[in-house]
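# Working through the structure, step by step
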Amino acid sequence: MKPLYFYELFWLLLIESIRVIVASAAEEMLYDYLITNYSRLAIPVRNPTDMLYVHFGLFMEQIVEVDEKNQVLTSKVWVKQIWHDHSLEWNPKDFHGIEAIRLPTRKLWTPDILIYNNANGSYNIQAETWANVNYTGNVTWFPPAVYKSACKIDVQYFPFDEQRCDIKFGSWTYDGTILDLVPLNSSAELKDYWTNGEWRILDSPCKRNVIRYPCCDEPYVDVTCTSLLRRVALYYFIYLILPNVLMSFMTVLVFYLPPCDITNCEKMQLTTCILVSMVWFLLLVTYQIPPNANSFPLIMKYLIFTMMVISSSLCLTVITLNVRHRNPATHDMPQWVRTIFIDTVPKYVWMRRPEMNCKHLNNNSTTGVQSAVPNKYDKQHYLEEEKMNNYNSHICNNAQEDGSDVDTESDSDSLLGVLGDPEENLKHCYLRSPKPPQTRLAEMNELREAQTVQDATDDFIYLKSVFVNADNAKRVNDDWKYVSIVLDRILLIIYICAVIAGTTAIFFEAPLAIEFFRQIFSSGVDLDGQENVILPS
């Protein structure tokens, strides 16, 4: 049985080889029959007045890149062209039943279908692929190509935007009276489309147009395929929008920080760092969008809005710090400030001052505190004045009442010379008194003891006034601090409302923003609009 199988296999291989050899010979004979005396320069029509119809179809394979800055769309496509060439007809019976053959396009006439809106690269198809020729004369050419076409980019709603990019195909040599383009389908084929990570193609309708250009009198026919592209905004939402929104709300936190010192202020440091970060994001966005945009981009609106918020918060922080560091020696608190920011507003911004710190002074006491702040010369001047008025004049007056003849005019200079020293004043009055020495000495000792008691009393009164003034000054300082805290709370509420309202108004200005956020927060739908399939575990 084994030799029988061997012989059958041998005869089968031999017959198949003979068939291939015969078919190859017939195909070679057909090739010579078609190419011999074939002219690839003349348009394949039987009569000069006949029109050649080229059926055109576009198969979109991939959106390679959308260069927003240079406004260029790079796409990978297959261009399908079908036309009839009467010079390539044959009878299959004459060539062992061959009904189709592949021929190199460099040997055939091919329509000069170019891309009109070419941005960079070749206008025509460079791939020298072979064409499929049917015995009826129908030629099907299906070459691949990578086109770079000019595309007008509208970044008004960036990154929630849609772009309409046209790819315009037409014959450059033959006008509409000689060659006519007929679309194979109403839109480009997307069956073999490779998904792009940034752009999702929604549709690509193709339309036939007949246009008369200023250069020529004859009409020209073109097929324009418009690709409707929608940007997948998830990348920009995570790496661009979300950080900006977070920094905007960090700006609001500036008004929630406690009051700081002049030398080391965390408020100013935080605001400055946020402002520098926003400038960096602004440069990053400017690098990506086209510089000649006809409309103001959405993301630029939000960045400028955020920078205005940060800049104004910086200025208002300086004002609140100025209020925070005011004191009775430099500023009087007006009554309207006390009425508004201490007595009225706090209860409307959810603030309550502790009872132990809520006592404040009236305007008269505040003015008195400002004038009663002591310095190193106050005590000496105060005591000297009191002693001169109370003690020295008292002794001298007693001496004059006892009958002494005092020449105040002649002794005015000597009295003024010793007026600063109480002991010298007592001696001076003692020498001028007419009383007996023992009486004068007793009075001097009595007056010296009274002077000591009075000095202690004056020191106590002065120290009490110093402590009272210090306590009053501290309370006024606390009032200014409380006013600054109330200002911070008011600005905190205003800025929270402004940031939320501004962010919502700017981003939801884009029609696709609502759909984007709905897809993010909805379950079972991804950002490409396809349902997520959850596999059972």
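Residues numbered from 1 in each chain as written. Predicted model: local features only at pLDDT ≥ 70, side-chain atom pairs only at ≥ 80, totals over all residues. Heavy atoms only, no water.

## Thoughts on the overall build of the protein
Counting its regular elements, the protein contains eleven helices and twelve strands. Counting every position in the protein, which comprises 537 residues, the buried fraction comes to 38%. If you take every contact in the protein between residues at least 6 apart in sequence, the share linking residues at least 24 apart comes to 76%. Total accessible area on the protein stands at roughly 31,400 Å², and carbon and sulfur atoms take up 59% of it. (Helix = DSSP H or I, 4+ residues; strand = E, 2+ residues; numbered from the N terminus. Buried < 20%, exposed > 50% of the residue type's maximum accessible area, 1.4 Å probe, protein only. Contact = heavy atoms within 4.5 Å. Areas by Shrake-Rupley, 256 points an atom, 1.4 Å probe, with all protein chains shown as cover.)

## A few points about the nonpolar core
Grouped together as the largest cluster of nonpolar side chains are 89 residues, with contacts concentrated most on Leu58 and Phe160. At nine residues, helix H4 (residues 298-324) tops the list of elements feeding residues into this core. Contact partners of phenylalanine 160, with chain neighbours within four places excluded, come to Ala233, Ile241, Leu298, Phe507, Ala510, Leu512, Ala513, Phe516 and Phe517. Counting 14 residues, the second-largest nonpolar core is a separate cluster that includes Phe341, Ile342, Tyr482 and Val483. (Core = buried A, V, L, I, M, F, W, Y, C linked by side-chain atoms within 4.5 Å.)

## Let's talk about a nonpolar patch on the surface
Together, Leu234, Tyr235, Ile238, Tyr239, Ile520 and Phe521 make up a nonpolar patch on the protein surface, roughly 640 Å² of accessible area in all. Put simply, the parts of the chain that give the nonpolar patch at least two residues each are helix H2 (234-253) and helix H11 (511-521). For the nonpolar patch, the element with the highest residue contribution is H2, accounting for four residues. For tyrosine 239, a relative accessible area of 54% corresponds to the exposed category. (Patch = residues over 30% accessible without salt bridge, like charges linked within 9 Å, V, L, I, M, F, W, Y side chains within 5 Å. Salt bridge = Lys/Arg side-chain N within 4 Å of Asp/Glu carboxyl O.)

## Regarding the state of the cysteines
By the definition in use, this model includes two disulfides. Paired by a disulfide, cysteine 151 and cysteine 165 hold their sulfur atoms 2.0 Å apart. Between cysteine 151 and cysteine 165, the disulfide has an S-S torsion of -70° and is therefore left-handed. Of the two residues, cysteine 151 is situated in the loop between strand E7 (144-150) and strand E8 (162-171) and cysteine 165 in strand E8; the sequence distance between them amounts to 14 residues. With relative accessibility at 3%, the residue cysteine 151 sits in the buried group. Residue pairing for cysteine 206: its cysteine sulfur links by disulfide to cysteine 225, the two sulfurs lying 2.2 Å apart. Residues cysteine 206 and cysteine 225 are joined by a disulfide whose S-S torsion is about 105°; by sign, that bridge is right-handed. (Disulfide = S-S within 2.5 Å.)

## Some details on the packing of aromatic side chains
Tallying each qualifying case throughout the model produces 23 aromatic pairs. For the pair tyrosine 33 and phenylalanine 95, a centre-to-centre distance of 5.4 Å together with 45° between the ring planes defines the contact as tilted. Taken as a pair, tyrosine 33 in helix H1 (residues 2-35) and phenylalanine 95 in the loop between strand E2 (72-84) and strand E3 (100-104) lie far apart in primary sequence, 62 residues in all. Its relative accessible area of 49% is what places tyrosine 33 among the partly exposed residues. Judged by centre distance (5.3 Å) and plane angle (85°), the rings of tyrosine 235 and tyrosine 236 are edge-to-face. Judged by relative accessible area, tyrosine 236 falls into the buried class, the value being 8%. Here the aromatic residues Phe160, Phe237, Tyr302, Phe305, Phe507, Phe508, Phe516 and Phe517 are joined through ring pairs into a cluster of three or more. Taking the ring centre of phenylalanine 142 as reference, the NZ or CZ of lysine 80 above it sits at 5.7 Å. (Phe/Tyr/Trp six-rings, centres within 6.5 Å; stacked < 30°, edge-to-face > 60°. Lys NZ or Arg CZ within 6 Å of the ring centre and 35° of its normal.)

## Details of H2
Look at H2: 27 Å from first C-alpha to last across 20 residues, which is about the 28 Å you get at 1.5 Å a residue. Along H2, the helix axis deviates most sharply at isoleucine 241, where the bend reaches about 35°; the proline proline 243 sits within four residues downstream. Looking only at H2, the buried set comprises Tyr236, Phe237, Leu240, Ile241, Asn244, Val245, Met247, Ser248, Thr251 and Val252. (Expected span 1.5 Å × (residues − 1). Bend = angle between axes of the 7 residues up to and from the residue.)

## So, the packing of helix H3 (residues 266-288) against H4
Where H3 meets H4, the axes come as close as 10 Å, and the angle between the chain directions of the two elements is 165°. Between H3 and H4, the crossing angle belongs to the class labelled roughly antiparallel. The crossing of H3 and H4 is left-handed. Here Lys267, Met268, Thr271, Thr272, Ile274, Leu275, Met278, Val279, Phe281, Leu282, Val285 and Thr286 of H3 come into contact with H4, specifically with Ile299, Met300, Leu303, Thr306, Met307, Ile310, Ser311, Ser313, Leu314, Thr317, Val318 and Leu321. Across the contact of H3 with H4, the residue classes tally to 16 nonpolar, seven polar and one charged. (Axes fitted to C-alpha atoms, helices over the stretch in contact; angles between N-to-C directions. Parallel < 35°, antiparallel > 145°, perpendicular 65-115°, else oblique. Left-handed = near helix turned anticlockwise from the far one by under 90°. Nonpolar A, V, L, I, M, F, W, Y, C, P; charged D, E, K, R; others polar.)

## Quick word on the pattern of salt bridges
Where charged atoms from two side chains of opposite charge approach closely, those side chains can pair. One pass over the structure, following the stated rule, counts eleven salt bridges. Of the charged contacts in the structure, one is a salt bridge between aspartate 161 and arginine 231, with a shortest N-O distance of 2.7 Å. With aspartate 161 in the loop between E7 and E8 and arginine 231 in strand E12 (residues 220-231), this residue pair connects regions lying 70 residues apart in the sequence. Here the salt bridges share partners, and the residues they tie into one network are Glu68, Asp161, Glu198 and Arg231.

## Notes on the environment of asparagine 37
Looking at the element boundaries, asparagine 37 is found in the loop between H1 and strand E1 (52-67). On the basis of relative accessibility, which here comes to 81%, the residue asparagine 37 falls in the exposed class.

## Considering the side chain of threonine 503
Within the secondary structure layout, threonine 503 lies in helix H10 (residues 437-507). For threonine 503, the side chain forms a polar contact with the side chain of tyrosine 302, separated by 3.2 Å. Non-local contacts of threonine 503, meaning those with residues more than four positions away in its chain, are made with Val245, Tyr302 and Phe305. (Polar contact = N/O pair within 3.5 Å; in protein donor to acceptor, adjacent residues only side chain to side chain.)

## Concerning the pairing of E7
Side-chain alternation along E7 places Ala145, Tyr147 and Ser149 on a buried face and Pro144, Val146, Lys148 and Ala150 on a face that remains uncovered. Taken together, the seven bridges between E2 and E7 define a ladder with antiparallel strand orientation. Bridge pairing in E7 links leucine 73 to serine 149. (Pairing = 2+ DSSP bridges.)

## Regarding the confidence of the model for the protein
Residues of the protein with pLDDT of at least 70 account for 73%, and the chain-wide mean is 77. Helix H6 (residues 363-371) is the least confidently modelled element of the protein, averaging 41 in pLDDT, while strand E6 (residues 138-141) averages 94, the highest of any element. Ignoring residues within four places in sequence, the model shows residues 529-537, a span with pLDDT below 50, making seven contacts including any to other chains. (pLDDT = per-residue confidence, 0-100.)

## Thoughts on the packing of H2 against H4
Running from N to C, H2 and H4 cross one another at 20°; their axes reach a closest spacing of 10 Å. Relative to H4, H2 is oriented roughly parallel. Judged by the sense of rotation from one axis to the other, the crossing of H2 with H4 is left-handed. Contacts between H2 and H4 pair Leu240, Ile241, Asn244, Val245, Ser248 and Thr251 from the former with Ile299, Tyr302, Leu303, Thr306, Val309, Ile310 and Ser313 from the latter. Partitioning the contact of H2 with H4 into residue classes produces eight nonpolar, five polar and no charged.

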